[in-house]
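Residues per chain are reported as follows:
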Amino acid sequence: MFAHDSFMIKNSQERMALPPSQSSYNKIPNKFPHEASPNPIQILPTPINKPKVQTSRVNCISPSPSSSSQIHQRVSKFQPRNPRIRQQLGEPRIFNNYSRAGGVVVKKMEDVSIYNSNGKRNGRTFDHLRHVESMETMPSGAGKIPRLNAVVLGDSLASEEDDLICPNDEFSSQALIPSPQKYLEMYRRSIEDPTSFWSDIASEFYWKQKWGQEVYSENMDVRNGTISIEWFKGGITNICYNCLDKNVESGIGDKIALYWEGNELGVDGSLTYRQLLERVCQLANYMKDIGVRRGDAVVIYLPMLMELPIAMLACARIGAVHSVVFAGFSAESLAQRIVDCKPKVVLTCNAVMRGSKIIYLKDIVDKALTESTGNGISIDTCLVFENQLAMKREATKWHEGRDVWWQDVVPKYPTTCSVEWVDAEDPLFLLYTSGSTGKPKGVLHTTGGYMIWTATTFKYAFDYKPSDIYWCTADCGWITGHSYVSYGPLLNGATVVIFEGAPNYPDSGRCWDIVDKYNVTIFYTAPTLVRSLMRDGDEYVTRYSRKSLRVLGSVGEPINPSAWRWYYNVVGDSRCPISDTWWQTETGGFMITPLPGAWPQKPGSATFPFFGVQPVIVDEKGTEIEGECSGYLCVKGSWPGAFRTLYGDHERYETTYFKPFPGYYFTGDGCSRDKDGYHWLTGRVDDVINVSGHRIGTAEVESALVSHPQCAEAAVVGVEHEIKGQGIYAFVTLVEGVPYSEELRKSLVNAVRNQIGAFAAPDTIHWAPALPKTRSGKIMRRILRKIASRQLDELGDTSTLAEPAVVDQLIALGNSKI
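Keep in mind that what you see is a predicted model, and the values were worked out from it rather than measured.

Enquirer: It is not clear to me how the overall build of the chain should be interpreted in this structure. Could you clarify?
Expert: Regarding its fold elements, the chain presents 24 helices and 38 strands. Within the span of the chain, comprising 818 residues, buried residues form 61% of the whole. Here the contacts in the chain between residues at least 6 apart in sequence split such that 72% fall between residues at least 24 apart.

As structure tokens, then:
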């Protein structure tokens, strides 16, 4: 299947070679070599001519660096309009200090502050200017920032009036990327000299054999032939070896690799790196014994038990290609994936508890295997883990001759297993994602580039330190669980928390109970969960300490500013930066993301591109737009983590992603770039509604609705309108205890009118006790579109929803919508 010539290493002795001796390992580095480049890229100075500022709030002002007297004169003239604020602030005191770095005059803005009459620094200060002076040099071509309302981490709450949340000096001084200058130095090197940049990073990992002369080769223009992307080709490595063996040999074998928190309170477990390696080797040896070979596919249908990342790593160790299917997909969906990739074995468990509900996973697998057999694909072995807390083996339906209990066979195998060394371009995993045609797309990621990309993005986007305890709430059935539960963290030697249960079970404080229990320092979740917890009330958060938290993260969809501020103010106590990441299953890892210690953050913006990423915004004709603009988000050039094809359908790969705008990877997302160069994702382009000629992003309308104090969550879709072409149909979930009313409907519509304009006002408000979501928190907009259009006989498969009954509730309320 996958084991064709281009994915094979012909020298079998080389494949079976022993790992290097312990002396050849290095400790996990705190810095990659490129971070201390002897020849840093210079940032050219640009004249800055700022207008005088008249404002009712304390602003970040970017003064001209021409002379200290001019700076003193300009800032001294600043006077807030509000007399009370002037009295509180006292007279501004200016301390002038400059240094030269990388060819640009960089002002040490921590020395420019406003103090109150007691000599203490206020929450609103001038000391953020060290960040904004470099924004004009960003690759987007955006301009300077003339005036900004800002707060500093730990100083005060972020309100609707605040434009920026800036890292404080303490955080920045300890950050891996401590300043815009450092970011720009590394970013420019990654674009201008990608060979050297990525070679330096890749060299920190173990390669049995170094890659060939070319670090990468690419053709991303369909006009020039077949689309092709290759990174580190000829390099021989193994990602499991780099995740586990290398860490054990580096001296952290006794460090906790995985903390596991069960569905029920008090049920937990942990594995050190050494213990995890042993468990992985046992499963790898079992799979080899039943005939799984390099290039064979293995389907994994497991919940968030420790056995799920163990299974992924075991496949990678022996060169098998894993296809993890979210343990919530229906039997039909699972069968589709089995038929497509033709696995040698299916790994599952008998059942799982999600909150108070039992999900009978083995029954779903049985139906899927029966269906796949009817389609010509028969599976000889189904390995079943007995999840005793959910279901005893005596109650489990059994297929003799095919089904095998995990606990009966795997522990009998040796705890050491030889590594299958593979080429960097050998496939690592398949992950199926929804397509517009209804047939799932098998996104194929390869080994070497994905390994380097996930490790590097994890390290910098979360400002990872070896002492951190990291928790990502995602399921490994999705790409976030692959890249940022399993591979990315383990490649950095991190301690990872994985959680089997529901975030609101037994109540909505469960997340923060887990944070306190394990002293979680980095917390990464979806905006949907943030909004859900926000709706349930602050008291579920504030009853817990959360003092261990250092960095927060957001993933899955654009986070609306009001939810961002709640996340920042309430969950993070106004002291934790938020890495609001934009990326896709296809990209393998982060593409546009804040770096917590470098740039100030704007609530709701993914900020700037990661190293090696060249995002461009194009119009309908594919012409790049510079500066402040909106359009289609594309990527110019490849990056190590890019997916290589859609399994078995390279033509669809080219048609979907490369033909819409030749010469670019088309993300399918809309994007705005503001005057300061910040990127704002506006949702899928098929989630853009054309109302009377106005293109309106659904995310923008949703954000306006959720800003209403009585709206907990909203989802917007487009419906046909005989006059406007398309109308806006909004599903709205209210704050607990708030009743539906005509007055509230009008107030919600007015909120959109006031924030966006009358043209964006929803035509219909459909009250929704809840929204149809997958367990990972993704809103199933396909179902909402069908309900809005009253195409109720075309709802399709609803078995993947966390709560399928929500659909019936929405349909019932459809007749009573106001």
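Enquirer: Explain the nonpolar core to me, please; I cannot follow it from the model alone.
Expert: Side chains that are nonpolar tend, in soluble globular proteins, to be buried together. Ranked by internal contacts, the top residues of the largest apolar core, which has 189 residues, are Phe232, Leu276, Leu283, Met287, Ile300, Phe523 and Phe611. Considering each element in turn, this core owes the most residues, nine residues, to helix H9 (residues 273-289). The residues contacting leucine 283, other than those within four sequence positions of it, are Ile310, Ala311, Ala314, Leu347, Leu383, Trp406 and Val410. Counting 23 residues, the second-largest nonpolar core is a separate cluster that includes Cys711, Ala714, Val749 and Trp767.

Enquirer: Could you clarify how one ought to interpret the pattern of salt bridges in this entry?
Expert: Pairing between side chains of opposite charge can happen when their charged atoms approach one another. The tally for this structure, following the rule as stated, stands at 38 salt bridges. In this structure, arginine 294 and glutamate 420 form a salt bridge, with 3.7 Å as the shortest nitrogen-oxygen distance. Of the two residues, arginine 294 sits in the loop between H9 and strand S13 (297-301) while glutamate 420 sits in the loop between helix H13 (406-409) and strand S20 (422-423), which places them 126 residues apart along the sequence. For arginine 294, a relative accessible area of 9% translates into the label buried. Taking the shortest distance from any N to any O, the salt bridge between aspartate 403 and arginine 402 comes out at 2.8 Å.

Enquirer: Help me out: how do you make sense of the packing of aromatic side chains in this one?
Expert: To describe a pair of aromatic rings, one takes the distance between the centres and the angle between the planes. What the rule picks out here adds up to 58 aromatic pairs. Ring centres of tryptophan 599 and phenylalanine 608 lie 4.6 Å apart, and the angle between their planes is 55°; this geometry places the pair in the tilted category. Under the relative-accessibility criterion, tryptophan 599 is labelled buried at 2%. When the ring centre of phenylalanine 329 is taken as origin, the NZ or CZ atom of arginine 337, which lies over that ring, is 4.4 Å away. Of note, lysine 602 hangs over the ring of tyrosine 678, and the distance from its end group to the ring centre comes to 4.7 Å.

Enquirer: What should I look at first to understand helix H10 (residues 307-317) in this one?
Expert: Because the α-helix completes a turn every 3.6 residues, residues three or four places apart line up on one side. Taken across its 11 residues, H10 has 11 buried, putting it largely inside the fold. If you check which residues of H10 are buried, you get Glu307, Leu308, Pro309, Ile310, Ala311, Met312, Leu313, Ala314, Cys315, Ala316 and Arg317. A positive phi of about 80° marks glycine 319, the residue just after H10.

Enquirer: What should I look at first to understand the state of the cysteines in this one?
Expert: Two cysteines, two sulfur atoms, one covalent bond between them: this is a disulfide. Going through the model one piece at a time under the given rule, you end up with zero disulfides. Left without a disulfide partner, cysteine 671 is nearest to the cysteine sulfur of cysteine 629, which lies 7.7 Å away.

Enquirer: What's the story with the sheet that holds strand S27 (residues 578-580) in this structure? I'm lost.
Expert: In any sheet, the strands associate via hydrogen bonds between backbone groups, in a parallel or an antiparallel arrangement. Pairing is mixed in the open sheet, where seven strands are placed in the order S12-S11-S24-S23-S25-S26-S27. The open sheet has two edge strands, strand S12 (268-272) and S27, and neither has a second partner. Strand-to-strand twist in this sheet, taken as the mean axis angle between neighbours without regard to direction, amounts to 15°. Against the sheet, helix H15 (residues 479-491) contacts strand S11 (256-261), strand S23 (469-472), strand S24 (495-499) and strand S25 (522-525), and its axis sits at roughly 165° relative to S23. Contacts from helix H16 (residues 510-518) reach S11, S12, S23, S24 and S25 within the one sheet, and its direction differs from that of S11 by about 145°.

Enquirer: Hey, could you run me through the pairing of strand S32 (residues 665-673) in this one?
Expert: As a general feature of sheets, a regular strand has side chains that alternate between the two faces. For S32, a buried count of nine out of nine residues is recorded, marking the element as mostly surrounded by other parts of the structure. Of the strand pairs in this sheet, strand S30 (residues 629-635) and S32 are connected by six bridges, and their pairing is antiparallel. Its bridge partner being in S32, glycine 631 is matched across the sheet by cysteine 671. Strand direction decides the pairing type here: S32 and strand S33 (residues 679-684), joined by five bridges, are antiparallel. Following the sheet pairing, glycine 670 is matched in S33 by glycine 683. Following S32, the chain reverses through five residues before pairing antiparallel with S33; glycine 677 in that reversal takes a positive phi of roughly 90°.

Enquirer: Help me out: how do you make sense of the sheet that holds S32 in this one?
Expert: Strand order across the open sheet formed by five strands is S29-S28-S30-S32-S33, with antiparallel pairing between neighbours. The open sheet terminates on both sides in strands that have one partner only, identified here as strand S29 (624-625) and S33. Bridge analysis of strand S28 (residues 615-618) against S29 gives two bridges, and the strand direction is antiparallel. Considered in S29, the bridge of isoleucine 617 is made with isoleucine 625.

Enquirer: How should I be thinking about the packing of H9 against H10 in this particular structure?
Expert: Between two packed helices, the angle of one axis relative to the other and the distance separating the axes together describe the packing. Where H9 meets H10, the closest approach of the two axes is 8 Å, and the angle between their N-to-C directions is 60°. With respect to H10, the element H9 is oriented oblique. The crossing of H9 and H10 is right-handed. Across from Leu276, Leu277, Arg279, Val280, Cys281, Leu283, Ala284 and Met287 in H9, the residues of H10 making contact are Glu307, Ile310, Ala311, Leu313, Ala314, Cys315 and Arg317. Along the lines of polarity and charge, the residues of the contact of H9 with H10 split into 12 nonpolar, no polar and three charged.

Enquirer: I'm lost on unusual backbone geometry in this one. Help?
Expert: Trans peptide bonds make up most of the peptide bonds, and negative phi angles are found at most residues other than glycine. Cis geometry marks the peptide bond from tyrosine 505 to proline 506; its omega dihedral reads 0°. Counting through the fold element by element, proline 506 comes out in the loop between S24 and H16. Unusually for a residue other than glycine, aspartate 463 sits at a positive phi of about 50°. Within the secondary structure layout, aspartate 463 lies in the loop between helix H14 (448-461) and S23. Positive phi values are uncommon outside glycine, yet arginine 790 reaches one of about 60°. One can find arginine 790 in the loop between helix H23 (781-788) and helix H24 (805-814). What makes arginine 790 partly exposed here is its relative accessible area of 35%.

Enquirer: Got a minute to help me understand the confidence of the model for the chain in this structure?
Expert: It should be kept in mind that the predicted coordinates are not to be read in detail where pLDDT is low. Overall, the predicted model of the chain reaches an average pLDDT of 81, with 80% of residues at or above 70. Under a pLDDT of 50 for its full length, residues 1-147 has, in the predicted model, 342 contacts with residues more than four places off or in other chains.

Reading the values: rules and limits
Residues numbered from 1 in each chain as written. Predicted model: local features only at pLDDT ≥ 70, side-chain atom pairs only at ≥ 80, totals over all residues. Heavy atoms only, no water. Helix = DSSP H or I, 4+ residues; strand = E, 2+ residues; numbered from the N terminus. Buried < 20%, exposed > 50% of the residue type's maximum accessible area, 1.4 Å probe, protein only. Contact = heavy atoms within 4.5 Å. Core = buried A, V, L, I, M, F, W, Y, C linked by side-chain atoms within 4.5 Å. Salt bridge = Lys/Arg side-chain N within 4 Å of Asp/Glu carboxyl O. Phe/Tyr/Trp six-rings, centres within 6.5 Å; stacked < 30°, edge-to-face > 60°. Lys NZ or Arg CZ within 6 Å of the ring centre and 35° of its normal. Disulfide = S-S within 2.5 Å. Pairing = 2+ DSSP bridges. Axes fitted to C-alpha atoms, helices over the stretch in contact; angles between N-to-C directions. Parallel < 35°, antiparallel > 145°, perpendicular 65-115°, else oblique. Left-handed = near helix turned anticlockwise from the far one by under 90°. Nonpolar A, V, L, I, M, F, W, Y, C, P; charged D, E, K, R; others polar. pLDDT = per-residue confidence, 0-100.

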